[in-house]
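What the coordinates show
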Amino acid sequence: MTDFKLTTEQAATAARIVAEIDEQLGRVREAESRCKASFLPILAEHGITRVEIGYDGGGDEGSVGDVTAYAGNETRDLPSVLCDHFAVEWSGDMMIRAIQLEDALSAFAENAASDHHRGWENGEGAWGTIAIDVASGAVTLTHNSRFVDYDTTETEL
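One structure accompanies this document, and this report is about it. The shown structure was predicted, so the numbers you read here are calculated from the model rather than taken from an experiment. (Residues numbered from 1 in each chain as written. Predicted model: local features only at pLDDT ≥ 70, side-chain atom pairs only at ≥ 80, totals over all residues. Heavy atoms only, no water.)

1. Points about helix 2 (residues 101-116)
- Relative to the 22 Å expected for 16 residues at 1.5 Å per residue, helix 2 spans 22 Å between its end C-alpha atoms, a close match to the ideal helical length.
- Looking at helix 2, one finds that the buried residues are Leu 101, Ala 104, Leu 105, Ser 106, Ala 107, Phe 108, Ala 109, Ala 112, Ala 113 and Asp 115. (Helix = DSSP H or I, 4+ residues; strand = E, 2+ residues; numbered from the N terminus. Expected span 1.5 Å × (residues − 1). Buried < 20%, exposed > 50% of the residue type's maximum accessible area, 1.4 Å probe, protein only.)

2. Topic: the packing of helix 1 (residues 8-45) against helix 2
- Two numbers describe how helix 1 lies on helix 2: the axes approach to 10 Å, and their chain directions differ by 150 degrees. As the angle between them shows, helix 1 and helix 2 are arranged roughly antiparallel. The element helix 1 and its partner helix 2 pack so that their crossing is left-handed. Note on element contacts: helix 2 touches helix 1 through Leu 101, Leu 105, Phe 108, Asn 111, Ala 112, Asp 115 and His 116, opposite Leu 25, Val 28, Arg 29, Glu 32, Cys 35, Lys 36, Phe 39, Ile 42 and Leu 43.
- Partitioned by chemical class, the residues of the contact of helix 1 with helix 2 number 10 nonpolar, 2 polar and 4 charged. (Axes fitted to C-alpha atoms, helices over the stretch in contact; angles between N-to-C directions. Parallel < 35°, antiparallel > 145°, perpendicular 65-115°, else oblique. Left-handed = near helix turned anticlockwise from the far one by under 90°. Contact = heavy atoms within 4.5 Å. Nonpolar A, V, L, I, M, F, W, Y, C, P; charged D, E, K, R; others polar.)

3. Details of the packing of aromatic side chains
- In total, this model carries 1 aromatic pair according to the counting rule given.
- Judged by centre distance (5.1 Å) and plane angle (75 degrees), the rings of Phe 39 and Phe 108 are edge-to-face. Residue Phe 39 is located in helix 1, and its partner Phe 108 is located in helix 2; the two are separated by 69 residues in the primary sequence. Phe 108 matches Phe 39 in its accessibility class, with the two residues each being buried.
- We note Arg 50 situated over the ring of Tyr 70; from NZ or CZ to the ring centre the distance is 3.9 Å. (Phe/Tyr/Trp six-rings, centres within 6.5 Å; stacked < 30°, edge-to-face > 60°. Lys NZ or Arg CZ within 6 Å of the ring centre and 35° of its normal.)

4. Section: the sheet that holds strand 3 (residues 74-76)
- Taken together, 5 strands build an open sheet; the order of strands is 3-2-1-6-7 and the sheet is antiparallel. The open sheet is flanked by strand 3 and strand 7 (138-145), the only strands paired with a single partner. Each strand of the sheet is rotated relative to its neighbour by a mean of 25 degrees, with strand direction disregarded.
- Where strand 1 (residues 50-58) and strand 6 (residues 126-133) come together, 7 bridges link them in antiparallel fashion. In the strand pairing of strand 6, Arg 50 is matched with Asp 133. (Pairing = 2+ DSSP bridges.)

5. Focus on the pattern of salt bridges
- Tallied over the full model, the rule gives 4 salt bridges.
- The partner of Glu 23 in a salt bridge is Arg 27, with the nearest N and O atoms 2.4 Å apart. On the criterion of helical spacing, the pair formed by Glu 23 and Arg 27 is a turn pair, its members being 4 residues apart in helix 1.
- Residue Arg 50 pairs with Glu 52 through a salt bridge whose shortest N-O separation is 2.5 Å.
- Its relative accessible area of 28% is what places Glu 52 among the partly exposed residues. (Salt bridge = Lys/Arg side-chain N within 4 Å of Asp/Glu carboxyl O.)

6. Observations concerning the pairing of strand 7
- As defined by bridge partners, strand 6 adjoins strand 7 across 8 bridges and the pair is classed as antiparallel. What sits directly across from Gly 128, in strand 7, is His 143.
- Here strand 6 folds back onto strand 7, and the loop between the two strands holds 4 residues, one of which, Gly 137, carries a positive phi near 80 degrees.

7. Side note on the pairing of strand 2 (residues 61-71)
- Examined bridge by bridge, strand 1 and strand 2 share 8 bridges and lie antiparallel to one another. Across the sheet, the residue bridging to Ile 53 is Val 67, located in strand 2.
- Where strand 1 hands over to strand 2, the hairpin turn is made up of 2 residues, of which Gly 59 adopts a positive phi near 60 degrees.
- Here 3 bridges tie strand 2 to strand 3, and the two strands are oriented antiparallel to one another. Following the sheet pairing, Tyr 70 is matched in strand 3 by Thr 75.
- Hairpin connection from strand 2 to strand 3: 2 residues lie between these consecutive antiparallel strands, with Gly 72 at a positive phi of about 70 degrees.

By themselves, these observations are geometric and do not establish any function.
Here is the structure:
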């Protein structure tokens, strides 16, 4: 194994890149937190106790599926109300816009899947569910990766 040593300039560049990535991740996590703070009170106000949002990807495409709301064990329609949605633009600026609650939940789910499982829509794709417990504010992302696997053997005869 060869030892590889960075020059002072290379080490500084690497440190700067890591700091920029960490800063951007912090912004994304802040957007997630602000989204939750926006939609949780609306859901509670309308008697929604749990929300499940599915997503599915593959072939370099992916989409968020149905948003299903529950009051206890009964499904409920989401109210047709506006909700603030927060997202980080490519420039790093925080964007806020008021959109329909269902759209805000879908966008939150897509952002969360992308934040925690980059590339979920690529290749064989992945699928999962974002479950929101309204009372506790807990959001659980259950993620399933798809992949093609094979085993090769070579025998000389």
